[in-house]
Amino acid sequence: MKVIRKIIHIDDELCNGCGNCVPSCAEGALEIVDGKARVIADFYCDGLGACLGECPTGALTIEEREADEFDEHAVEKLLTEKQKEAPSARTVLPMASGGCPSSRMMQSFGPTAAGAESGFPAATGAPAESALSHWPVQIMLVPPTAPFLKGADLLVLADCVPVAFPTLHRDFLKGKAVMMGCPKFDNTQAYIEKFAQIARHSGIRSITAVVMEVPCCAALPVIVQKGLKLAGAAIPMEEVIISVRGKILERRQVQAA
């Protein structure tokens, strides 16, 4: 049934086929076809515009026109089919045509030495091991439907935390999916939409938000909470504040918004 509603419009002249919008669409409505972004069917697009902030050329906008009603059941079927087609762990997931290499997904990195369990060298002089289990890690680049988010304990980091906190891998990162960004310089509304989509589709079990003591960092846990509220999700969340000298100043449980 066709109705008048909001839906994504793609300007072919502005679209350069970079593919950045594709992973940001939690419904899987966007694909790159013949070098241009396309809405594969109107009923897959919810018209919320979470993909808008990913487009570097401004080719994506929201318009109001006659279109098929959004079909949540069709979206669930589409995402299930795409999940079945996804490559297994320890493989590199292909980018959309022309996509930035930094957004290429990888997951299930394997430990390579005895030090991997702790995130520290197994012996004096041995190289430390990373606890990172997937790629990408930037909030703007992680698709809400990324396989590594399914049922995960999510670690949300302010960009400066890994530089300031020396034992991040051992104390926070091990066993978690991680997303990081800067609430001062990045698109906060896009962040809110991203976390809302993740809450709706990924079955996140818990969230740990680790930020610096500086004022601008305080916005990041609030952004996450707003995303959860938008999705109507109540997910256990802890906020951790790190000093500029790399010490834990405070840990507290955050009540669901």
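Up top is the structure these notes are about.
All of these numbers come straight from a predicted model, not from anything done at the bench.

Rules and cut-offs
- Residues numbered from 1 in each chain as written.
- Predicted model: local features only at pLDDT ≥ 70, side-chain atom pairs only at ≥ 80, totals over all residues.
- Heavy atoms only, no water.
- Pairing = 2+ DSSP bridges.
- Helix = DSSP H or I, 4+ residues; strand = E, 2+ residues; numbered from the N terminus.
- Buried < 20%, exposed > 50% of the residue type's maximum accessible area, 1.4 Å probe, protein only.
- Axes fitted to C-alpha atoms, helices over the stretch in contact; angles between N-to-C directions.
- Parallel < 35°, antiparallel > 145°, perpendicular 65-115°, else oblique.
- Left-handed = near helix turned anticlockwise from the far one by under 90°.
- Contact = heavy atoms within 4.5 Å.
- Nonpolar A, V, L, I, M, F, W, Y, C, P; charged D, E, K, R; others polar.
- Patch = residues over 30% accessible without salt bridge, like charges linked within 9 Å, V, L, I, M, F, W, Y side chains within 5 Å.
- Areas by Shrake-Rupley, 256 points an atom, 1.4 Å probe, with all protein chains shown as cover.
- Salt bridge = Lys/Arg side-chain N within 4 Å of Asp/Glu carboxyl O.
- Lys, Arg positive; Asp, Glu negative; His and termini not counted.
- Charge placed at Lys NZ, Arg CZ, Asp CG, Glu CD.
- Core = buried A, V, L, I, M, F, W, Y, C linked by side-chain atoms within 4.5 Å.

Caption draft 1: Quick peek at the pairing of strand E2 (residues 30-33). When E2 meets strand E3 (residues 36-39), the two strands line up antiparallel, connected through 4 bridges. Among the inter-strand pairings, Val-33 is bridged to a residue of E3, identified as Lys-36. Hairpin remark: E2 followed by E3, antiparallel, with 2 residues in the connecting loop; positive phi at Asp-34, about 55 degrees.

Caption draft 2: Highlighting unusual backbone geometry. In this chain, Trp-135 is followed by Pro-136 through a cis amide linkage whose omega measures 5 degrees. Along the polypeptide, Pro-136 turns up in the loop between strand E6 (134-135) and strand E7 (153-158). Phi is positive for Asp-34, close to 55 degrees, though the residue is something other than glycine. Within the element layout of this structure, Asp-34 appears in the loop between E2 and E3. For Asp-34, a relative accessible area of 79% translates into the label exposed.

Caption draft 3: Looking closely at the packing of helix H5 (residues 188-201) against helix H6 (residues 219-231). Orientation of H5 relative to H6, taken along the N-to-C sense of each, is 50 degrees, at an axis distance of 7 Å. Of the possible angle classes, the one that applies to H5 and H6 is oblique. Between H5 and H6 lies a crossing whose hand is right-handed. For the pair H5 and H6, the contacting residues are Thr-188, Tyr-191, Ile-192, Glu-193, Phe-195, Ala-196, Ala-199 and Arg-200 in the first and Leu-220, Ile-223, Val-224, Lys-226, Gly-227, Leu-228, Leu-230 and Ala-231 in the second. Looking at the contact of H5 with H6 residue by residue, the class counts come to 11 nonpolar, 2 polar and 3 charged.

Caption draft 4: Main features of the environment of Lys-176. Along the polypeptide, Lys-176 turns up in the loop between helix H4 (168-173) and strand E8 (177-181). Setting aside anything within four residues of it in sequence, one finds Lys-176 in contact with Ser-133, Asp-153, Leu-155 and Thr-208.

Caption draft 5: How the structure looks around the environment of Cys-55. Tracing the sequence through the fold places Cys-55 in the loop between E3 and strand E4 (60-68). Placed 38 residues apart in sequence, Cys-55 and Gly-17 show a C-alpha to C-alpha distance of 9.7 Å.

Caption draft 6: Representation of a negative patch on the surface. On the surface, a cluster of negative charge is contributed by Glu-69, Asp-71, Glu-72 and Glu-76. Structurally, the position occupied by Glu-72 is in helix H2 (residues 72-85).

Caption draft 7: Quick peek at the sheet that holds E7. Reading across the sheet, the 5 strands line up as E8-E7-E9-E10-E11 and stay open at both edges, with mixed pairing between neighbours. Both edges of this open sheet fall to E8 and strand E11 (248-254), since each of them pairs with a single strand only. Mean inter-strand twist for the sheet, computed between neighbouring axes without regard to direction, equals 15 degrees. In the packing of H6 onto the sheet, contacts are made with E7, E8, strand E9 (206-212), strand E10 (237-242) and E11, and the angle to E9 comes to roughly 155 degrees.

Caption draft 8: Representation of the nonpolar core in the model. Ranked by internal contacts, the top residues of the largest apolar core, which has 49 residues, are Leu-149, Leu-154, Phe-195 and Ile-207. Contributing elements (two or more residues each) for this core: E7, helix H3 (161-164), H4, E8, H5, E9, H6 and E10. Element by element, the count of residues in this core is highest for H5, at 6 residues. Each residue touching Leu-154, except ones within four places of it in the same chain, is listed here: Leu-149, Ala-177, Val-178, Met-179, Phe-195, Ile-204, Ser-206, Ile-207 and Thr-208. In this structure, Ile-7, Leu-30, Ala-41 and Leu-78 belong to the second largest nonpolar core, which totals 21 residues.

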